[in-house]
Amino acid sequence: MNNKDRKFGGRLIDIVLITTIVTLTVLAIIFTIANNESNYQNVSANNEIGKQTNPVNSVFPDISSSVTQEIVTTSINGVQIVKETLKDPIKSYSIQYIKTNSETVNAEIKKYISDSKSQYENIIRLKNTVEEHDITSNLVNKLNITVELYPHQKQYVSVVFTKNITLQSNNTDTTIHTLLFNKETGKTIDLEQILNGDGKSLISISEKVRSSILKNKTYQNHVYSDTLTKLTESKWNNFERFSIKNNSLVFYFNKGEIANSSIGVTTATVSLSTIYPLLIKEFQAGIKDGTVITNPPPKADSTNKKVALTFDDGPHPTITMEILDLLDKYDAKATFFLVGNRVEEYADVVIDTVERGHEIGNHTWSHAKLTNISPKQVLDQLKQTNIAIKNVTGQYPTVFRPPYGAKNQEVISLINLPVVMWTIDTLDWKYRDASKLLPSVKESMHNNAIILMHDIHQSTADGLESVLKYLKEQGYEFVTVSELSQYK
Ligand code: ZN
């Protein structure tokens, strides 16, 4: 190496050092900016004003995220439920999964959960809801995964995941994922193992599943029989989704898979005692001799299933009262969006509503379409109603819903209450038919649903009990919109 080269080498080191310092500085600045921006995103989301932000495509998507996690023990030894929530203006989720002592099981579950999250984000990207999304609306996209556990004998646990993806539209896509594992060995078990790999046994199961679906009265006239035939052909991968529940094999089909979506998830039940000879020894134990060992099945974590019933356009002197009585009967709390100019006239009804523990919302003074009036008129509509409610009940309303769901950025910037839309529209105002209320709820039901109804139609009061009864049976707790976790 001559002198010149040495000099050049020294310079090269200088250049490398300077470049590194500059790069690090630039990175630090970028990071600071991104961090500030994400703070801004959170603040604007909370204040319900501010510009459209796009965390999905953000360089640091997780900085704006506020994931909360809670771990709950279950009645099954060694199995915990993890509840994870992300509040986000675009891609909110609320998911449950389990943690066990088995690495195999945990890994499989982890994969399912992370696949579900990326599937959800991809759908949001594809549907382009990001552009149209209005962060000030409460009608956000939602991924919801709940988990149910069913112990069988001492060592087996069935895990059933129900996944709901709700985009801003009212369509909820519901799919099921299951897993059966042995706590003692830490291994998962599929149907092929339970039936000892016997193809003849599978044919028998396939026939039983098919006939169980066809005989089910609820599914009648709703089943796509060609699809059913195809999806119950005796192939092992047609029978991947199952659980063992109350000494029966339960097979699951996704919403809309083999029957009309209005049916929701479709199940077929095959009692273990009817297929006793087909089962491997471990599964025969306890079935034949009638000394079945059952842990009491845990409640389907019903404490976590919530629904917010909402009633617009009242108060009404008789119909609201009937609804209040029904709600009491089912220990249900609801939210009433009142039209201001009716409040004083039916003050007794409004007071009764508050005293029975329901939430009161503002639904404008005269049921005005806010997108058609001036900012001053919007403010008057809100203020007059707030004052009327305060005068009668002593408290201001806590939430707001625009009549006809009509809102835009300008209108929303004028409203200083949480704007609550809905996720299920019963169309009760259109049908005016009590018998149509329950089917319209069933069709789109999902956890944390906000159901839109009107307490000025007799048909709504007449059909409400069937809805309350059904949702109660499904394990839902009836809460006010503010009690739904997403608004906390
Ligand atoms: Zn209305």
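The structure contained in this document is the topic of the report that follows.

**Brief notes about the overall build of the chain**
So, step 1. Along the chain, the regular secondary structure elements total 15 helices and 17 strands.
So, step 2. Per-residue burial for the chain yields a buried fraction of 49% across its 488 residues.
So, step 3. Looking at the chain alone, contacts between residues at least 24 apart form 66% of all its contacts between residues at least 6 apart.
So, step 4. Accessible surface, the chain: about 24,100 Å² in total, of which carbon and sulfur atoms supply 51%.

**Some points on the coordination of the zinc ion**
So, step 1. Around the zinc ion, the protein contributes the donor atoms Asp-313 (OD), His-363 (NE2) and His-367 (NE2), which lie 2.1 Å from the metal centre.
So, step 2. Counting residues between consecutive donors of the zinc ion along the chain gives the motif D-x49-H-x3-H.
So, step 3. Classification of His-363 by relative accessible area gives buried; the value is 2%.

**A closer look at the pairing of strand β11 (residues 306-312)**
So, step 1. Buried residues dominate β11, accounting for seven of its seven residues.
So, step 2. Residues Lys-306, Ala-308, Thr-310 and Asp-312 line one face of β11 and the alternating positions Val-307, Leu-309 and Phe-311 line the opposite face, and both faces are buried.
So, step 3. Where β11 meets strand β17 (residues 477-478), two bridges bridge the pair, whose relative direction is parallel. Paired with Val-307 across the strands is Phe-478, a residue of β17.
So, step 4. When β11 meets strand β16 (residues 449-454), the two strands line up parallel, connected through six bridges. Bridging across to β16, Phe-311 finds its partner in Met-453.
So, step 5. The pairing of β11 with strand β12 (residues 334-338) spans four bridges and is classified as parallel. Bridge pairing in β12 links Leu-309 to Ala-334.
So, step 6. Following the chain from β11 across helix α8 (residues 319-329) to the adjacent parallel β12, one finds a crossover that is right-handed.

**Examining the sheet that holds strand β9 (residues 248-253)**
So, step 1. Strand order in the open sheet made by the three strands is β8-β9-β10, with antiparallel pairing throughout. The strands lining the two open edges of the sheet, one partner per strand, are β8 (242-245) and β10 (266-271). Strand-to-strand twist across the sheet, computed as the mean angle between neighbouring axes with direction ignored, equals 25°.
So, step 2. Here β9 pairs with β10 via six bridges, running antiparallel. For Val-250, the partnering residue across the bridge sits in β10 and is Thr-269.
So, step 3. Sheet strands touched by helix α5 (residues 199-215): β9 and β10. Its angle to β10, the strand with the most contacts, is close to 125°.

**Here's the deal with the pattern of salt bridges**
Oppositely charged side chains can pair when the atoms bearing their charge come close.
So, step 1. By the definition in use, this model includes twelve salt bridges.
So, step 2. When the shortest N-O distance is used, the salt bridge between Glu-233 and Lys-235 registers 3.2 Å.
So, step 3. Note on Glu-233: relative accessible area 32%, which makes it partly exposed.
So, step 4. Ionic pairing is found between Arg-356 and Asp-328, a salt bridge with its closest N-O pair at 2.8 Å. Note that Arg-356 is positioned in the loop between α10 (347-355) and β13 (359-362) and Asp-328 in helix α8, a separation of 28 residues in sequence.
So, step 5. Beyond isolated ion pairs, a larger network of salt bridges with shared partners links Asp-325, Asp-328, Asp-352 and Arg-356.

**Description of the packing of aromatic side chains**
So, step 1. Counted under the stated rule, the structure contains five aromatic pairs.
So, step 2. Consider the rings of Tyr-112 and Phe-161, whose centres lie 4.9 Å apart with planes at 40°: the pair is tilted. On the criterion of sequence distance, the pair formed by Tyr-112 in helix α2 (residues 103-127) and Phe-161 in strand β5 (residues 156-166) is long-range, its members being 49 residues apart.
So, step 3. Under the relative-accessibility criterion, Tyr-112 is labelled buried at 10%.
So, step 4. The exposure class assigned to Phe-161 is buried, which follows from its relative accessible area of 0%.
So, step 5. Centre to centre, the rings of Phe-239 and Phe-251 are 5.5 Å apart; their planes meet at 85°, and the pair counts as edge-to-face. On the criterion of sequence distance, the pair formed by Phe-239 in the loop between α6 (225-231) and β8 and Phe-251 in strand β9 is long-range, its members being twelve residues apart.
So, step 6. A residue is classified by how much of its surface remains accessible, and Phe-251, at 2% relative accessible area, is buried.
So, step 7. An aromatic cluster is built from Phe-239, Phe-242 and Phe-251, whose rings are joined through pairwise contacts.
So, step 8. The ring of Tyr-404 carries Lys-369 above its face, with NZ or CZ at 5.9 Å from the centroid.

**A look at the pairing of strand β3 (residues 91-99)**
So, step 1. Of all nine residues in β3, eight are buried; the element is thus mostly enclosed.
So, step 2. In this structure, strand β2 (residues 80-87) lies alongside β3, joined through seven bridges in antiparallel fashion. From the neighbouring strand, Glu-84 faces β3, where its bridge partner is Ile-95.
So, step 3. Two successive antiparallel strands, β2 and β3, enclose a turn made up of three residues.
So, step 4. Where β3 meets strand β4 (residues 141-152), five bridges bridge the pair, whose relative direction is parallel. If you follow Lys-91 over to β4, its bridge partner there is Asn-141.

**Structural notes on the nonpolar core**
So, step 1. Among the nonpolar cores identified, the biggest contains 37 residues, and Leu-309, Ile-451 and Leu-471 are the most heavily contacted of them.
So, step 2. If you list the elements that add at least two residues to this core, you get β11, α8, β12, α10, α11 (375-393), α14 (437-444), β16 and α15 (458-473).
So, step 3. The element best represented in this core is α15, accounting for six residues.
So, step 4. Other than its neighbours up to four places away in sequence, Leu-471 contacts Val-307, Leu-309, Val-441, Met-445, Ile-451, Tyr-476 and Phe-478.
So, step 5. Among the nonpolar cores identified, the runner-up in size contains 29 residues, and Leu-202, Val-223, Ile-258 and Leu-272 belong to it.

The rules behind these values
Residues numbered from 1 in each chain as written. Predicted model: local features only at pLDDT ≥ 70, side-chain atom pairs only at ≥ 80, totals over all residues. Heavy atoms only, no water. Helix = DSSP H or I, 4+ residues; strand = E, 2+ residues; numbered from the N terminus. Buried < 20%, exposed > 50% of the residue type's maximum accessible area, 1.4 Å probe, protein only. Contact = heavy atoms within 4.5 Å. Areas by Shrake-Rupley, 256 points an atom, 1.4 Å probe, with all protein chains shown as cover. Donors = N, O, S within 2.8 Å, 3.2 Å for Na, K, Ca; no water. Pairing = 2+ DSSP bridges. Right-handed = clockwise from strand over helix to strand, strands pointing away. Axes fitted to C-alpha atoms, helices over the stretch in contact; angles between N-to-C directions. Salt bridge = Lys/Arg side-chain N within 4 Å of Asp/Glu carboxyl O. Phe/Tyr/Trp six-rings, centres within 6.5 Å; stacked < 30°, edge-to-face > 60°. Lys NZ or Arg CZ within 6 Å of the ring centre and 35° of its normal. Core = buried A, V, L, I, M, F, W, Y, C linked by side-chain atoms within 4.5 Å.

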